[in-house]
Amino acid sequence: RDAPPARSRSPTTRRGDAFKPGGSIIAPTSAMARDPESSRLVAAPRRRLTWTTIAMLVAPGAIVQGLVSVVQAVTFGALLIGDDRAALTGTLVWMLSVLAGQLAAAAFSRLPCAVGGGAIELLPIFAHLAGSVRERLPNDPDAATATALAGCALLSLALSLWYYVVDRVGGSRALRFFPVSALTGALAGVGVFLAVEAHGTVNGDAAQLSVAAVLALTLAVGEKKTGSTWFVVAVLVASAGLVGVAGVGSDWYWTLPSGGAVATFWARPDAPPRRARWGVLLTMPDLYVSALSAIFVHQLSTCMDLVNLAGTGAKTAAGDGDLVKAELRTFAAQNLVAGLLCAPPNYMPFSALYAQHRAARAFPKRGVPPRAAPCAVLVAMCCGAAALPYVAAMAPRCVVAAYLLWLAWLFLEESIVAALFRDVPHPLDLLVILVVPVLTLSCGFVIGLGLGIVLSSIGLVVRIGSTPAARAVRLVLTGAEISSNLHRDAEAAMRLAETADQRLVVKLQGLLSFATTPGLLDDVSAALGGTKSLDETDEFAAALGRMAGSDAARVVVVLDFSRVSDVDASAARGLLALKR
């Protein structure tokens, strides 16, 4: 009876001690100690967490993310420019993008599991832009590489500006209103792109391609069974070691120049600040088309990843439920830093976020600072960046191709396989999902994505236009069949009961659009005594039939909007005209 509440503090514990390393963490009521002076039960503090303990808790996840960042830099950096001679430059600039994203995530994100990474979904856009630059500058490969990287940096700055504007105008919810079927088709196009690039990575060599296919199958089956990133990293490292021991020829590796440290990137002859042809770049229409495509794919990928992360129970340090709204400034900062470093865009990948979130569940609730894990990941990535040139020189082409094939399967499984066998979307959406990869192969990723957006928008209009008006009406009840929840005096309640047979309550739902509202307005006009006759099977006709015995001189129609999500402009004009 005399025990204090479970959340009370001991007399020697200050208010802020429980929220920093070395502070006391109050135990539940099962761990109580008796004060020898007062003989009262007081809460006994738990074991204090030191910085060493915190480092041991966050180190495993940070090491995994550091290794994954190195593997992805070696894999995707070679595809960034699309030229083997610029493979090391692409690897360095990809790692710069990852470091910029993690630095901004550690500084600005309110997620305790924030992890930055390169935007894999935008790789086809980067490759398309680099190809257009090489066509403009065929005789100067260094200038072409620098100009392509400068274009990637401009895409980063465009994304940063976009997220900043969306955050300022409060448009986080508007980011969700884009055709997801176009994104799903784009993901399938990314899978096709990665599979084609895996073939090009080994230069079509049958032996290397066979080894890559076996390794990719091992990764797909093993990762599905274990669900662990450690397995993927271990298989890739072991495969690279076995290929090196086998004594294969030099054509199994990239020929990389020296001077590959990330810190000396700007001193290279193909670095953007020195050799970029800004006049050629800014006059290219493909730059602006790529920017629009990058904004579309980036924001949809980011929104889907954060919505999925929120579904796993992840929250910010302040407990915000809308992670997209909470992290808009982080996205802007990530891409701003990347653009200033002449690096391509980055984002927070769902797989890395979920892995860190799952690892953080085992942390003591008030023992680990919110930014400890992101800062530890940043340190691990910096260590990986120091060893990046050596890893790139030792990475066999077949292992990189295997990783690309495995990722290609993941993208195709998430898009086409899921649409055909699991999700079963609307036929129009399924058509878009299947058409976009075909267009990607035949016309290029940017053109395929643009046509996919057009087709999905047309499908959305057709689907809304074919929605019957009855979808907007949830229930039609008479005044006698529904009761009011408001408290009224006796006179008002009696008058309400007397006029119950004169009222028709229409409960609406969903989106009131140009397609569903006209039929609703016609039915309401008919119920009010208009010229249009009601269908005998209509809910309005049934409700009016139940009111037929009333001697009411008039009918009052009440529209209930409590379950309406949105009203477009045409529906609003129709409703106002009906009221007048």
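All of these numbers come straight from a predicted model, not from anything done at the bench.

Engineer: What is the right way to read the overall build of the protein chain from this model?
Structural biologist: Scanning the protein chain from N- to C-terminus turns up 22 helices and seven strands. Residues classed as buried in the protein chain amount to 46% of the 580 residues present. When contacts within the protein chain are restricted to residue pairs at least 6 apart in sequence, those whose partners lie at least 24 apart make up 79%. Counting only carbon and sulfur atoms, one obtains 61% of the accessible surface of the protein chain, whose full area is about 28,300 Å².

Engineer: What am I meant to see in helix 7 (residues 229-245) here?
Structural biologist: An α-helical turn contains 3.6 residues, so a residue and the one three or four places further along point in the same direction. Taking 1.5 Å as the rise per residue, helix 7 with 17 residues should run 24 Å; its terminal C-alpha atoms sit 25 Å apart, in good agreement. With its phi angle positive at about 70 degrees, glycine 247 sits one or two positions after the end of helix 7.

Engineer: Before we go on, may I ask you to explain helix 2 (residues 87-108) in this structure?
Structural biologist: The end-to-end C-alpha distance of helix 2, which contains 22 residues, comes to 32 Å, matching closely the 32 Å that a straight helix rising 1.5 Å per residue would cover. The buried fraction of helix 2 is high, at 19 of 22 residues.

Engineer: Would you take a moment to explain the packing of aromatic side chains for this structure?
Structural biologist: When we look at a pair of aromatic rings, we describe it by the centre distance and by the angle of the planes. Applying the stated criterion across every chain, the model contains four aromatic pairs. Here the aromatic rings of phenylalanine 76 and tryptophan 94 are separated by 5.5 Å at their centres, their planes lie at 45 degrees, and the arrangement is tilted. On the criterion of sequence distance, the pair formed by phenylalanine 76 in helix 1 (residues 51-81) and tryptophan 94 in helix 2 is long-range, its members being 18 residues apart. Residue phenylalanine 76 shares its accessibility class with tryptophan 94, and that shared class is buried. Taking the centre distance of 5.8 Å and the plane angle of 40 degrees together, the rings of tyrosine 403 and tryptophan 406 count as tilted. Highlighted residues: tyrosine 403 and tryptophan 406, both in helix 16 (residues 397-423), separated by three residues, approximately one helical turn. On the basis of relative accessible area, tyrosine 403 is assigned to the buried category, the value being 5%. The class of tryptophan 406 is buried, set by a relative accessible area of 8%. A network of ring pairs unites the aromatic residues Phe76, Trp94, Tyr403 and Trp406 as a single cluster.

Engineer: How do you make sense of the nonpolar core when you look at a structure like this?
Structural biologist: Nonpolar side chains in soluble globular proteins tend to be buried together. Ranked by size, the top nonpolar core spans 116 residues in total, and within it Phe76, Trp94, Leu123 and Leu194 carry the most contacts. Apart from residues no more than four positions distant in its own chain, leucine 123 is found in contact with Phe76, Leu79, Leu80, Trp94, Phe193 and Leu194.

Engineer: Quick question: what am I supposed to make of the sheet that holds strand 5 (residues 473-478) here?
Structural biologist: By way of backbone hydrogen bonds, the strands of a sheet pair with one another, either parallel or antiparallel. Judged by pairing direction, the sheet is mixed, and its three strands sit side by side in the order 5-6-7 without closing on themselves. Unpaired on one side and paired on the other, strand 5 and strand 7 (556-567) mark the two borders of the sheet. Shown here is a sheet whose adjacent strand axes are inclined to one another by a mean of 10 degrees, direction ignored. Relative to strand 7, strand 6 (residues 503-512) is paired through nine bridges, and the arrangement is parallel. In the sheet register, lysine 507 faces strand 7, and the bridge partner there is aspartate 560.

Engineer: I would appreciate a short explanation of the environment of valine 133 in the present structure.
Structural biologist: Note that valine 133 resides in helix 3 (residues 123-136). What makes valine 133 buried here is its relative accessible area of 0%. For the pair valine 133 and alanine 144, spaced 11 residues apart in sequence, the C-alpha to C-alpha distance is 6.0 Å. Apart from the residues within four sequence positions on either side, valine 133 is in contact with Ala144, Thr147, Ala148 and Met284.

Engineer: Whenever I open this one, the pattern of salt bridges confuses me. Can you help?
Structural biologist: Two side chains carrying opposite charge are able to pair once their charged atoms lie near each other. According to the stated counting rule, one finds four salt bridges in the structure shown. With its nearest N and O atoms 3.0 Å apart, the salt bridge here joins aspartate 140 to arginine 277. In this pair, aspartate 140 is assigned in the loop between helix 3 and helix 4 (141-169) and arginine 277 in the loop between helix 8 (272-275) and helix 9 (278-282), connecting sequence segments 137 residues apart. With a shortest N-O distance of 3.2 Å, glutamate 413 and lysine 224 are connected by a salt bridge. With glutamate 413 in helix 16 and lysine 224 in helix 6 (residues 206-226), this pair connects stretches of sequence that are 189 residues apart.

Engineer: Explain the packing of helix 3 against helix 4 to me, please; I cannot follow it from the model alone.
Structural biologist: The axes of two packed helices give the description: the angle between them and the distance between them. At a minimum axis distance of 9 Å, the contact between helix 3 and helix 4 shows a crossing angle of 140 degrees. By the angle class used here, helix 3 and helix 4 are oblique. Judged by the sense of rotation from one axis to the other, the crossing of helix 3 with helix 4 is right-handed. Between helix 3, through Ile125, Phe126, Leu129, Ala130, Val133 and Arg134, and helix 4, the contact on the second element is made entirely by Ala144, Thr147, Ala148, Gly151, Cys152 and Leu155.

Engineer: Can you walk me through the state of the cysteines in this structure?
Structural biologist: Taken as a whole, this structure holds zero disulfides when the rule is applied. No disulfide involves cysteine 383; its sulfur sits 6.9 Å from that of cysteine 382, the nearest cysteine. Judged by relative accessible area, which is 52%, cysteine 383 ranks as exposed.

Engineer: I would appreciate a short explanation of the packing of helix 2 against helix 14 (residues 372-386) in the present structure.
Structural biologist: Two numbers describe how helix 2 lies on helix 14: the axes approach to 9 Å, and their chain directions differ by 160 degrees. As the angle between them shows, helix 2 and helix 14 are arranged roughly antiparallel. Here helix 2 and helix 14 pass one another in a crossing that is left-handed. Judged by residue contacts, Met95, Val98, Leu99, Gln102, Leu103 and Ala106 of helix 2 engage Pro374, Cys375, Val377, Leu378, Met381, Cys382, Gly384 and Ala385 from helix 14. Grouping the amino acids of the contact of helix 2 with helix 14 by side-chain chemistry returns 12 nonpolar, two polar and no charged.

Engineer: Hey, could you run me through the side chain of histidine 298 in this one?
Structural biologist: In this structure, histidine 298 sits in helix 10 (residues 285-311). Of the residues examined, histidine 298 reaches a relative accessible area of 3% and is grouped as buried. Beyond its immediate sequence surroundings of up to four residues, histidine 298 is in contact with Ala119, Leu122, Leu159, Tyr163, Asn335, Asn346 and Tyr347.

Rules used throughout
- Residues numbered from 1 in each chain as written.
- Predicted model: local features only at pLDDT ≥ 70, side-chain atom pairs only at ≥ 80, totals over all residues.
- Heavy atoms only, no water.
- Helix = DSSP H or I, 4+ residues; strand = E, 2+ residues; numbered from the N terminus.
- Buried < 20%, exposed > 50% of the residue type's maximum accessible area, 1.4 Å probe, protein only.
- Contact = heavy atoms within 4.5 Å.
- Areas by Shrake-Rupley, 256 points an atom, 1.4 Å probe, with all protein chains shown as cover.
- Expected span 1.5 Å × (residues − 1).
- Phe/Tyr/Trp six-rings, centres within 6.5 Å; stacked < 30°, edge-to-face > 60°.
- Core = buried A, V, L, I, M, F, W, Y, C linked by side-chain atoms within 4.5 Å.
- Pairing = 2+ DSSP bridges.
- Axes fitted to C-alpha atoms, helices over the stretch in contact; angles between N-to-C directions.
- Salt bridge = Lys/Arg side-chain N within 4 Å of Asp/Glu carboxyl O.
- Parallel < 35°, antiparallel > 145°, perpendicular 65-115°, else oblique.
- Left-handed = near helix turned anticlockwise from the far one by under 90°.
- Disulfide = S-S within 2.5 Å.
- Nonpolar A, V, L, I, M, F, W, Y, C, P; charged D, E, K, R; others polar.

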